[in-house]
Amino acid sequence: MKITINNKEFECDDNQTILDVAKENNIDIPTLCYQDGFEPSSVCRICAVEINNKLLPSCSTKVKDGMIVNTESKKVLEARKINTELLMSKHIKTYFIETKEHELCKIARNAGIRQIRFTKAKKIYIIDKGKAIITDNNKCILCGKCIQQCQMQNVNAIDFAYRSYHTKVTPAYENKLDDSVCVNCGQCLLACPVDAIYEKSDIKDVLKALKTKKHVIVQTAPAVRASLGEEFGLPAGTLVTGKMVSSLRKLGFKKIFDTQFGADLTIMEEAAELIERLKENKNLPMITSCCPAWIKYIEHFYPELLNYVSTCKSPHDMFGAVAKSYYKEKYKINKKDLIVVSIMPCTAKKFEIQRKELKKEVDYVLTTRELARLIKIKGIEFNKLKDEEFDAPLGLSSGAGTIFGVTGGVMEAALRTVYETATGKKLEMLEFNQIRGMNDFKEGYIIINNRTVNFAVLNGLHNAKEILEQIKNKKCRYDFIEVMACPGGCIAGGGQPIPTNKEIVEKRMQALYLNDKNKAIRRSHENPAIIQLYEEFLGRPLSKKAEKLLHTSYIKRET
Amino acid sequence: MQILKNSNFEALSKIAGMKPEEIIELIKKSGLTGRGGACFPTGLKLEFTRNSKEEKYVIANADEGEPGTFKDKLILEKNPNNVIEGMIIAGYAIGSTKGYLYLRGEYSYLRNKLQQVINNATKIATKLKIYFDIEIISGAGAYVCGDETAIIESIEGNRGNPRIKPPFPANKGLFNKPTLINNVETLANIPLIILDKNWNNNLRLFSLSGNVARPGVYELELGTSLKELVELGKPENKIKAVYFGCSGGCIPYEDIRLDYEAIKEKGAVLGSCTIIAVDETQDIVDIATNIAKFFEYESCGRCTPCREGTMRILELLQKISLRKAAEKDLELLEELCRVIASTSLCGLGQSSTNHLTTALKYFRNEFTDKLK
Amino acid sequence: MSFRDIDEIIKERKDNLLLPMLEAIQARFGCISEVNAHYLSKKTGIPFSRIYGVITFYEMLYTEPKGKYIIRICNSPSCYLNGSLNIIKFLASLLKIKSGETTKDKKFSLEIVSCIGCCDKAPAMMINNKIYGNLDEKKIKKIISGLK
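Residues numbered from 1 in each chain as written. Chains lettered and ligands numbered in written order. Predicted model: local features only at pLDDT ≥ 70, side-chain atom pairs only at ≥ 80, totals over all residues. Heavy atoms only, no water.

1. Brief notes about the overall build of chain C
- Across its full length, chain C carries 7 helices and 4 strands.
- Going residue by residue from the N terminus, the α and β elements of chain C occur as α-α-α-α-β-α-α-β-β-β-α.
- Judged by the C-alpha coordinates and their principal axes, chain C covers about 50 × 30 × 25 Å.
- Expressed as a percentage of the 148 residues in chain C, the buried residues total 56%.
- Sequence separation of at least 24 residues holds for 59% of the intrachain contacts in chain C that already meet a minimum separation of 6.
- Surface summary for chain C: the accessible area is close to 6900 Å², and the carbon and sulfur share equals 52%.
- Looking at charge distribution, chain C has the averaged site of its 24 positive side-chain charges lying 5 Å from that of its 15 negative ones. (Helix = DSSP H or I, 4+ residues; strand = E, 2+ residues; numbered from the N terminus. Buried < 20%, exposed > 50% of the residue type's maximum accessible area, 1.4 Å probe, protein only. Contact = heavy atoms within 4.5 Å. Areas by Shrake-Rupley, 256 points an atom, 1.4 Å probe, with all protein chains shown as cover. Lys, Arg positive; Asp, Glu negative; His and termini not counted. Charge placed at Lys NZ, Arg CZ, Asp CG, Glu CD.)

2. Brief notes about the overall build of chain A
- Looking only at helices and strands, chain A has 19 helices and 18 strands in total.
- In terms of overall size, chain A behaves like a compact globule, its C-alpha atoms giving a radius of gyration of 25 Å where 559 residues would be expected to give roughly 24 Å.
- In terms of overall dimensions, chain A has C-alpha extents of about 75 × 55 × 45 Å along its principal axes.
- When each of the 559 residues of chain A is scored for burial, the buried share is 65%.
- A separation of at least 24 residues holds for 72% of the contacts in chain A among residues at least 6 apart in sequence.
- Total accessible area computed for chain A in this model is approximately 22900 Å², and 50% of it derives from carbon and sulfur atoms.
- Separation of charge centres in chain A, based on 87 positive and 69 negative side chains, amounts to 6 Å. (Rg over C-alpha atoms; globule rule 2.2 N^0.38 Å.)

3. Here we look at the sheet that holds strand β1 (residues 69-74) of chain C
All names here are of chain C.
- Strands sit in the order β2-β1-β3-β4 across an open sheet of 4 strands; the sheet is mixed. Each edge of the open sheet carries a strand with a single partner, namely β2 (108-113) and β4 (130-132). Across this sheet, the average inter-strand angle for adjacent strands is 25 degrees, counted without regard to direction.
- Across 3 bridges, β1 lies against strand β3 (residues 125-127) in antiparallel orientation. Opposite Arg72, over in β3, you have Met126 as the bridge partner. (Pairing = 2+ DSSP bridges. Axes fitted to C-alpha atoms, helices over the stretch in contact; angles between N-to-C directions.)

4. Looking at the environment of Thr122 of chain B
Residue and element names in this part refer to chain B.
- By the secondary structure assignment, Thr122 is in helix α6 (residues 111-127).
- C-alpha of Thr122 to C-alpha of Ile88: the two residues are 34 residues apart in sequence and 8.6 Å apart in space.
- A distance of 2.5 Å separates the side chain of Thr122 from the backbone oxygen of Ile118, its partner in a polar contact. (Polar contact = N/O pair within 3.5 Å; in protein donor to acceptor, adjacent residues only side chain to side chain.)

5. Examining the interface of chain C and chain B
- Residue-level contacts link 34 residues of chain C with 51 residues of chain B.
- Of the roughly 3200 Å² buried between chain C and chain B on both sides combined, carbon and sulfur atoms contribute 56%.
- Per-residue buried area on chain C facing chain B is highest for Phe57, Tyr58 and Leu81 of chain C; these three make up 20% of the total on that side.
- Our enumeration of links across chain C and chain B arrives at 1 salt bridge.
- A salt bridge links Glu135 of chain B to Arg13 of chain C; the nearest nitrogen and oxygen atoms lie 2.4 Å apart.
- Across the chain C-chain B interface, the total number found is 16 residue pairs in polar contact (both at pLDDT 80 or more).
- Mapped onto the side of chain C that touches chain B, the elements with two or more residues apiece are α2 (18-29), α4 (48-57) and α5 (77-81) of chain C.
- The leading source of residues in the side of chain C that touches chain B is α4 of chain C, at 5 residues.
- In terms of residue class, the side of chain C that touches chain B is built from 18 nonpolar, 9 polar and 7 charged. (Buried area = accessible area lost by both parts, 1.4 Å probe. Salt bridge = Lys/Arg side-chain N within 4 Å of Asp/Glu carboxyl O. Nonpolar A, V, L, I, M, F, W, Y, C, P; charged D, E, K, R; others polar.)

6. What to know about the packing of aromatic side chains
- Inspection of every chain in the model, using the stated rule, returns 21 aromatic pairs over all chains.
- An angle of 80 degrees between the planes, with centres 5.0 Å apart, marks the rings of Phe57 of chain C and Tyr58 of chain C as edge-to-face.
- The exposure class assigned to Tyr58 of chain C is buried, which follows from its relative accessible area of 2%.
- Three or more aromatic residues joined by ring pairs form one cluster here, namely Tyr162 and Tyr173 of chain A together with Phe48 and Tyr52 of chain C.
- Note that Lys90 of chain A overlies the ring of Tyr165 of chain A, its terminal NZ or CZ placed 4.1 Å from the centroid.
- Over the ring of Phe57 of chain C we find Arg163 of chain A; its NZ or CZ atom is 5.7 Å from the centre of that ring. (Phe/Tyr/Trp six-rings, centres within 6.5 Å; stacked < 30°, edge-to-face > 60°. Lys NZ or Arg CZ within 6 Å of the ring centre and 35° of its normal.)

7. Re the sheet that holds strand β5 (residues 68-69) of chain A
Residues and elements named next belong to chain A.
- Here 3 strands make up an open sheet; going across it, the order is β2-β1-β5 and the pairing mixed. The sheet is open, and its two borders are formed by β2 (8-11) and β5, each paired with just one other strand.
- The pairing of strand β1 (residues 2-5) with β2 spans 4 bridges and is classified as antiparallel. Within β2, the position partnered with Lys2 by the bridge is Glu11.

8. A look at the interface of chain A and chain B
- At the junction of the two partners, chain A supplies 31 residues and chain B supplies 29 residues.
- For the pair chain A and chain B, the summed buried area comes to about 2700 Å², and 53% of that belongs to carbon and sulfur atoms.
- Scanning the region where chain A abuts chain B turns up 4 salt bridges.
- Its salt-bridge partner being Arg338 of chain B, residue Glu78 of chain A comes within 2.7 Å of it at the nearest N-O pair.
- On the surface where chain A and chain B come into contact, there are 19 residue pairs in polar contact (both at pLDDT 80 or more).
- Secondary structure elements with two or more residues in the side of chain A that touches chain B: α2 (74-90) and β8 (159-161) of chain A.
- Among the elements that take part in the side of chain A that touches chain B, α2 of chain A stands out by supplying 8 residues, more than any other.
- Its residues assigned to classes, the side of chain A that touches chain B shows 17 nonpolar, 9 polar and 5 charged.

9. A look at the state of the cysteines
Residue and element names in this part refer to chain B.
- Applying the stated rule across the entire model yields 0 disulfides over all chains.
- With no disulfide partner, Cys250 has as its closest neighbouring cysteine sulfur the one in Cys246, 11 Å distant.
- For Cys250, a relative accessible area of 0% translates into the label buried.
- Summary of cysteine pairing: Cys346 is not part of a disulfide, and the nearest cysteine sulfur, belonging to Cys300, is at 6.1 Å.
- A relative accessible area of 11% means that Cys346 is categorised as buried. (Disulfide = S-S within 2.5 Å.)

10. A few points about the nonpolar core
- The biggest cluster of nonpolar side chains holds 228 residues, and the ones touching the most others in it are Leu228, Phe253, Trp294 and Ile481 of chain A, Phe367 of chain B together with Tyr58 of chain C.
- By size, the runner-up hydrophobic cluster in this structure holds 52 residues, among which are Leu32, Ala93, Ala121 and Ile134 of chain B. (Core = buried A, V, L, I, M, F, W, Y, C linked by side-chain atoms within 4.5 Å.)

11. Some words on the pattern of salt bridges
- Here the structure, examined in full by the defined rule, presents 67 salt bridges over all chains.
- Linking Lys313 of chain A and Glu361 of chain A is a salt bridge whose minimum nitrogen-to-oxygen distance equals 2.5 Å. You can see Lys313 of chain A sitting in the loop between α10 (292-301) and α11 (315-330) and its partner Glu361 of chain A sitting in the loop between α12 (348-352) and β15 (364-367), a full 48 residues away along the chain. Each member of the pair, Lys313 of chain A as well as Glu361 of chain A, carries the same accessibility label: buried.
- Measuring nitrogen to oxygen at the nearest pair gives 2.9 Å for the salt bridge that ties Arg13 of chain C to Asp15 of chain C.

12. Quick notes on unusual backbone geometry
Residue and element names in this part refer to chain A.
- Between Leu284 and the following residue, Pro285, the backbone shows a cis peptide bond with an omega angle of 10 degrees.
- Take Pro285: it is sitting in the loop between α9 (259-280) and β13 (286-287).
- A positive phi angle is found at Leu142, which is not glycine, with a value near 60 degrees.
- Relative to the helices and strands, Leu142 resides in the loop between β7 (133-135) and α4 (145-152).
- For Leu142, a relative accessible area of 3% gives the class buried.
- In the Ramachandran plot, Lys360 falls in the positive-phi region, its phi being about 55 degrees despite a non-glycine side chain.
- Counting through the fold element by element, Lys360 comes out in the loop between α12 and β15.

13. A word on the packing of helix α8 (residues 241-251) of chain A against helix α13 (residues 368-377) of chain A
Residues and elements named next belong to chain A.
- Close contact between α8 and α13 brings their axes to 11 Å; oriented N to C, the two are set at 55 degrees. Accordingly, the angle class assigned to the pair α8 and α13 is oblique. The way α8 lies across α13 gives a crossing that is left-handed. Where α8 approaches α13, its residues Ser247, Leu248 and Leu251 are matched on the opposing element by Leu371, Leu374 and Ile375.
- Grouping the amino acids of the contact of α8 with α13 by side-chain chemistry returns 5 nonpolar, 1 polar and no charged. (Parallel < 35°, antiparallel > 145°, perpendicular 65-115°, else oblique. Left-handed = near helix turned anticlockwise from the far one by under 90°.)

Written as structure tokens, this is what we have:
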């Protein structure tokens, strides 16, 4: 069918909304509460357009044959102006440093608003400063996107409370986010159009440490090298490993290491753990433990199933443990002087490193965005940097370590080692295509020594409940399950450059898979630095020393 | 009063021998329209809701909350039989076996009595092989829950936020199933239509209150003169205006026909026939501020124009009352009214400015006199 | 602290409808405390944050106990036109509390509410479930002193 927008005719299908058609044809209708992949809630009313003298929300109004739409009429512009002014007068901007382009300000600018004709709201809410995430209700415009994300994740830590002008987004009974079931995945942060949710910043502490004479070393997660470039104008999916390393060196870190080394280490331990469980047929399915948001989720909602979770620490934490023992001893560094900083795509890691079950292996976590800010603060011109290499020995990694950043990557990396270790044979094909891609639930199987090993990969937490219920009722047919809380995996984490949408996530994903393909060493157990670490220090996977340093336990948390 | 005619469930016996389609035809022919203010043809609504093989629900909207309105209360107190009977007949007509009576929290003192009526009615219906289970759900103090989709949200256990339409409740309502929602007065008329060939569709229940000595519910024909109604209330002072509740707007007191078209021509909405009489000792700006406070308090808070706008309207009116406002504040007020009325998500927001738009139309001097 | 009452309330509602459950809990305990709401969430699977969102949406549901007698005085147009403001002022000074507050002896809570449907008895108020209309200062004094 055909509809007319601003006097031009466009083809469309009957299930499309006016906004769908406008987007397809590059007609810009501003939105605030609209999110791809979610039912439109139609509450901000900014997307209103005029049809037949009436104003209707374009995000939820379905097209009808012959519809005549005007997105720039006097009525539309007046409504847009007033509604934007209403929101601007409610929203209290306090900083200049924003996590992202401020969507409300952009709309105000484009609407030609130069003054707000309503009295400014007073700052009445206390900012909730969590260990990983900070929420500032003074900035909130009640679009509800954060709640939609949290509901999608099946966490439901926050919801609307009170009524009318006093409506507020909050955990139950005004508890702090840290005291709620929030898992710190940061999907709410990525969705917020007005920067009312942002990560707790560790930039100051890291800068301070860098100014001292201490031995500050840094490790970078796989996802960072595939996304950091976006903060400097490079297209999504540009691999900037060399520049990333170079910028970190310029910042003054004594050694630039790679979390992918930690990932390889995790595979060594986790593969051994899985093989053992398969042999004993106990505690199956084994579930991955590298995602701290996932760990917190299961600790809150299914603590009785914690025995199924791998006892392996997450890669950056294993790295920290090795840094503060093996590396420290080998290079004779004073314990008090050694500081480990992780650059992560993740907000939950900021919470993770403060867990009592861990032993301060990592001192600070900076998100990808924070690193970009740090680079800008120091005036380093990122795009002009020459490529540099990681330092040895903890900077060497395999392709298996690289793909940890994407959903299905941990599983694939683990299977490469599990298969070859258990069978003694080489895998013909290292790629497991059935678990690659953006699908939120993927599965497959592999035959190891005549035994069919079924595996599943989940990303985004909304499917987790179903699988956990299956496990609870002893109806789960899988032996090994990977769970990543963020849809798409760590490359879509709460610490990543914004925007992080499906298109961009897919490009970042491709960059990491390509990187794996091009690497000489693609199996964790063939990483010479890893082999050396075991020979010189750990002995073998699951040794007493490995258990002490590289494995952890979990706790039951209240809902 | 026609509305208080109680037939002791005779209508149930009559419809037990009728086909559902026949009942719907009968109601269509009667011309019955919704008495909650929206005036949608009831027969059509029944027909739409019937059009599905899924399980269906009937909801009786007893969340009467429009200020100045107390006619449903009268029916619930004096003729609850008809309401319950109407529910069962509607349920039978659309093929539903479950109904909810959403009773506003402030009327919960009527709950026990209503439950007894439901028990009696269910016994009689079951004997007639009509299976319909009614449950009373108490509201908890929210004007917005008078909106039909807000009632659905409320029953489902959510905050009473109205939903965007389409989809309409007849297609996707309670628990996403086809749902018939009708006002209590509408349902109470159904048994009368079934039994009385001479049922008068032109009668309405006018809730009269305000500056009158004899406030009350008056059953009169549509088209009755406003003056006639107000005189029945025995006003002690000269009346200068009437408000059609908070959401219907106001008109200057005059000899006008009380019917939907005549009132619409004046820029107001007759709605559920609520008349609040205002005498000449009253200040229109004060009343406007009082009504603005009502909407600001009752807004559900979900959409920008209503949540933020109703607060700003109150703010500006208070500024005018304190004689601190200038001409540009009045202009801003009018701009706000236009935007809130045209972009609010639900009927509450959309009608929250009628009182002010009409007050500015007919009593503008009372506002401009207070400007700096 | 026994949750048996809450268990019973949940058992009675096979359909898991939240609003009636909250009303039942409030009828039993006077309010819906954090502890009780949390237990309700655990047992029913309804998210804790949603339960709080629903309680705080409705004017007649409370998270903290109110006075023995909750006075709801109407300030909508019909009552306003009949002098509700003066009634409110009088009550506030009589009880020595502002609207939204509870007396120190926990006997009375004062709330200004929207239309309660008693417009033919304006100005009117409700105390718990009872309606008092055509109010004046004398009547109010008598009503208040009659409540133990």
